[in-house]
Amino acid sequence: MQRERVLLRGGRVVDPANQVDRITDVLIADGRIAEIGPALDSTGARLVPADGHVVAPGLIDVHVHLREPGYETKETIATGTAAAAAGGFTSIFCMPNTRPALDSVATLDDLRQRIAVSALVRVFPIAAITAGRLGQRAVDFSALVEAGAVGFSDDGDTTADCSIMRQALAATLDHGRPVMVHCEDKALAPGSMHEGEVSRRLGLRGIPAAAEEIVIARDLMLARLTGGWLHICHLSTGRGAELVRRAKADGVRVTAEVMPHHLLMSDQWVDTSRSLLNVDEPIGPTATPRDPHTKVNPPLRTGEDTRQLITAVVDGTIDLVATDHAPHGAAEKTGSVYEDAAFGLSGLELALPLMLALVRARHLSLGDVITRMSCVPAKLWSLAAGTLSPGALADVVVFDPDQPWIVDAAKLKTKSANTPLIGMELQGRVKHTFVGGVDRYGT
Ligand SMILES: [Zn+2]
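Because the structure is predicted, anything quoted here is derived from the model rather than measured.

Reading the values: the criteria
Residues numbered from 1 in each chain as written. Predicted model: local features only at pLDDT ≥ 70, side-chain atom pairs only at ≥ 80, totals over all residues. Helix = DSSP H or I, 4+ residues; strand = E, 2+ residues; numbered from the N terminus. Rg over C-alpha atoms; globule rule 2.2 N^0.38 Å. Buried ≥ 20, exposed ≤ 12 C-beta atoms within 10 Å, placed from the backbone. Pairing = 2+ DSSP bridges. Contact = placed C-beta atoms within 7 Å. Axes fitted to C-alpha atoms, helices over the stretch in contact; angles between N-to-C directions. Parallel < 35°, antiparallel > 145°, perpendicular 65-115°, else oblique. Left-handed = near helix turned anticlockwise from the far one by under 90°. Nonpolar A, V, L, I, M, F, W, Y, C, P; charged D, E, K, R; others polar. Expected span 1.5 Å × (residues − 1). Arc of directions from axis to C-beta. Core = buried A, V, L, I, M, F, W, Y, C linked by C-beta atoms within 7 Å.

> Can you walk me through the overall build of the protein in this structure?
Regarding its fold elements, the protein presents 11 helices and 19 strands. In terms of C-alpha radius of gyration, the protein reaches 21 Å, essentially the compact-globule figure of 22 Å for 443 residues. Principal-axis analysis of the C-alpha atoms places the extent of the protein at approximately 65 × 50 × 45 Å. Out of the 443 residues in the protein, the part that is buried amounts to 57%.

Structure, rendered in structure tokens:
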């Protein structure tokens with residue numbers, strides 16, 4: 001694909017890293033941001049009218065399951081990165097629970113070759129904490145960072161052994177990449193949804209909030225002990241956020257992410273609700289209870305948890321928003337009863353519209369959303385991204401923040417449209433996703 005000159009004309013340019021939020025033009029040339037300013041010369045450039053649209057640094061998702069190698073029936077690097085581009089993401093981190101797991105230099109080398117062939121956006125691998133993700137033997141952290149790992153996670157499972165977690169966190173002091181933890185005490189969590197009033201009413205076994213909070217507390221203590229960089233994945237409870245808030249105040253080096261579904265949906269969705277919380281936007285008719293598309297881990301929690309998590313995003317306790325895009329085939333979702341269905345939601349193409357609902361409800365500004373979905377991850381991981389500064393790589397998203405659209409499984413780019421939002425109306429549509437100046441989504 002040619003790296004063309006592109007002039008984005010008259011969009012609302014939101015570039016929080018440079019405190020920019022104004023209507024102006026952006027010129028892309030040679031894969032980089034060439035110039036920002038009013039009425040730029042369009043000679044030799046493809047003109048992209050952007051009036052009414054937002055032009056922002058490309059989004060960065062630090063938590064994606066691409067499923068390749070090993071589970072290509074669910075997703076591939078090609079389809080997952082196409083979904084990323086459709087969602088406005090220019091960089092994504094992929095989780096290591098593939099087959100084989102990403103636990104060795106050889107598996108990372110193999111992945112790098114696959115990415116070079118088929119990825120539409122930048123892909124950065126997260127390696128496993130333990131060999132085979134079995135929780136028994138730590139990987140060679142430094143060798144894997146050399147091979148390109150940007151973090152370590154046994155996501156999907158919690159590394160139960162405290163001495164391995166201590167070793168993993170201590171190693172971050174040498175290699176500078178975080179340990180990204182899935183916090184769940186499996187002994188407490190044999191259920192399939194949040195444990196509470198709704199699970200009791202539906203007769204489903206629950207996963208208590210404490211199953212998550214106990215491990216968050218443990219890992220915060222180990223981060224304090226080692227001084228290492230702990231990153232909490234998919235924080236879902238208000239009490240968990242409070243633990244992180246206190247630890248940050250005490251100087252513990254912890255960062256945390258939250259998923260849009262944990263800010264806008266509650267366990268009521270496992271029953272019949274299809275209203276987004278905190279924004280007062282019913283987006284569909286009520287559903288039948290126990291829709292496997294509402295099954296996710298950590299589970300959708302209570303309305304009170306969603307409110308506390310939004311507060312934690314606003315006050316900076318939660319550093320960033322990611323998706324935990326977790327594709328599964330229909331047989332593992334709708335073909336199953338709730339208890340047997342796989343955990344996970346498709347997220348890449350839905351995250352931005354969901355976050356824009358929080359902007360319309362004035363919980364966050366547009367700049368806050370771009371900050372949490374682009375600038376902060378770029379800064380934390382020292383990526384050459386997250387800004388529209390002249391000279392920066394032209395990783396740019398152009399989106400219409402108001403355009404309504406119906407979520408249609410057949411039109412999503414992901415191979416597995418496992419989301420309770422199918423058939424619902426959302427607002428906010430990506431128009432173009434430029435990666436290094438190449439438009440990977442727009443037409
Ligand atoms: Zn995950």
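> Mind showing me how you'd approach unusual backbone geometry here?
Glycine aside, residues mostly have negative phi, and peptide bonds are mostly found in the trans state. In this structure, the amide linkage connecting Glu-68 to the following residue, Pro-69, adopts the cis form with an omega of 5 degrees. Among the secondary structure elements, Pro-69 is positioned in the loop between strand S6 (59-64) and helix H1 (77-86). With an omega of 0 degrees, the peptide bond running from Arg-99 to Pro-100 counts as cis. Along the chain, the position of Pro-100 falls in the loop between strand S7 (89-94) and helix H2 (105-118). Positive phi is not limited to glycine here, since His-234 has a value of about 25 degrees. Of note, His-234 is situated in the loop between strand S12 (230-232) and helix H7 (238-249). The phi dihedral of Arg-290 falls on the positive side, at around 65 degrees, and the residue is not glycine. Turning to its location among the elements, Arg-290 is positioned in the loop between strand S15 (281-282) and helix H9 (303-314). Judged by C-beta crowding, with 19 C-beta atoms within 10 Å, Arg-290 ranks as partly exposed.

> Could you clarify how one ought to interpret the sheet that holds strand S13 (residues 254-258) in this entry?
One key point about sheets: their strands pair by backbone hydrogen bonds, in either a parallel or an antiparallel sense. Reading across the sheet, the four strands line up as S9-S12-S13-S16 and stay open at both edges, with parallel pairing between neighbours. Each end of this open sheet is capped by a strand with a single partner; those strands are strand S9 (179-181) and strand S16 (320-321). With three bridges connecting them, S9 and S12 associate as parallel partners. Directly across from Val-179, in S12, lies its bridge partner Leu-230. Strands in contact with helix H6 (residues 209-226) are S9, S12 and S13; relative to S12, the strand with the most contacts, it is inclined by about 160 degrees.

> I'm lost on the packing of helix H4 (residues 162-175) against H6 in this one. Help?
A pair of packed helices can be characterised by two numbers: the angle between their axes and the separation between those axes. Two elements in contact, H4 and H6, have axes whose closest approach is 9 Å; the angle formed by their N-to-C orientations is 50 degrees. In terms of axis orientation, H4 runs oblique to H6. H6 is crossed by H4, and the crossing has right-handed handedness. For the pair H4 and H6, contact is made by Cys-162, Met-165, Arg-166, Leu-169 and Ala-170 and by Arg-218, Asp-219, Leu-222, Ala-223, Leu-225 and Thr-226, respectively. Here the contact of H4 with H6 is built from residues that sort into seven nonpolar, one polar and three charged.

> Would you take a moment to explain the packing of H6 against H7 for this structure?
As a packed pair, H6 and H7 sit with axes 9 Å apart at the nearest point and diverge in direction by 15 degrees. It follows that H6 is roughly parallel to H7 by the angle criterion. Crossing geometry of H6 relative to H7 is assigned as right-handed. In contact with Ala-209, Glu-212, Glu-213, Ile-216, Ala-217 and Leu-220 of H6, H7 contributes Arg-239, Gly-240, Leu-243 and Ala-247. Its residues assigned to classes, the contact of H6 with H7 comprises six nonpolar, one polar and three charged.

> Help me out: how do you make sense of H9 in this one?
Owing to its 3.6 residues per turn, the α-helix brings residues three or four apart onto one side. Taking 1.5 Å of rise per residue, 12 residues should cover 16 Å, and H9 covers 17 Å from first to last C-alpha, within 8% of that figure. Residues of H9 that are buried include every one of Asp-305, Thr-306, Leu-309, Ile-310, Ala-312 and Val-313, and no others. Across the axial projection of H9, the buried residues extend over an arc of 160 degrees, all falling on one side. Close packing links the buried residues of H9 with H7, S13, helix H8 (260-264) and helix H11 (366-380).

> Explain the environment of Glu-332 here, please?
Tracing the backbone shows Glu-332 in the loop between S16 and helix H10 (351-360). Here the alpha-carbon distance between Glu-332 and Pro-292, two residues 40 residues apart in the chain, equals 8.9 Å. The contact partners of Glu-332, leaving out residues within four places of it in the chain, are Ala-341 and Ala-342.

> Can you help me understand the sheet that holds S6 in this one?
In spatial order, the strands read S6-S7-S8; together these three strands make up an open sheet with parallel pairing. A strand with exactly one partner marks an edge of an open sheet, and here the two such strands are S6 and strand S8 (122-125). This sheet shows a mean twist of 20 degrees between the axes of neighbouring strands, independent of strand direction. Looking at chain direction, S7 and S8 are connected through four bridges and run parallel. What sits directly across from Ile-92, in S8, is Val-123.

> I'm lost on the nonpolar core in this one. Help?
Proteins that are soluble and globular tend to have nonpolar side chains buried together. Core analysis: the biggest nonpolar cluster contains 142 residues, and Phe-152 and Ile-232 have the highest contact counts within it. Top element by residues in this core is H10. It accounts for seven residues. Setting aside residues up to four positions removed in sequence, Ile-232 forms contacts with Val-181, Cys-183, Ile-216, Val-244, Val-254 and Ala-256.

> I tried to follow the environment of Leu-220 on my own but got confused; where do I start?
Tracing the backbone through its elements, the reader meets Leu-220 in helix H6. The exposure class assigned to Leu-220 is buried, which follows from the 22 C-beta atoms found within 10 Å. Residues Leu-220 and Ile-232, spaced 12 residues apart in sequence, show a C-alpha to C-alpha distance of 9.3 Å. Dropping the residues within four chain positions of it, Leu-220 is found in contact with Leu-230, Leu-243, Ala-247, Val-252 and Val-254.

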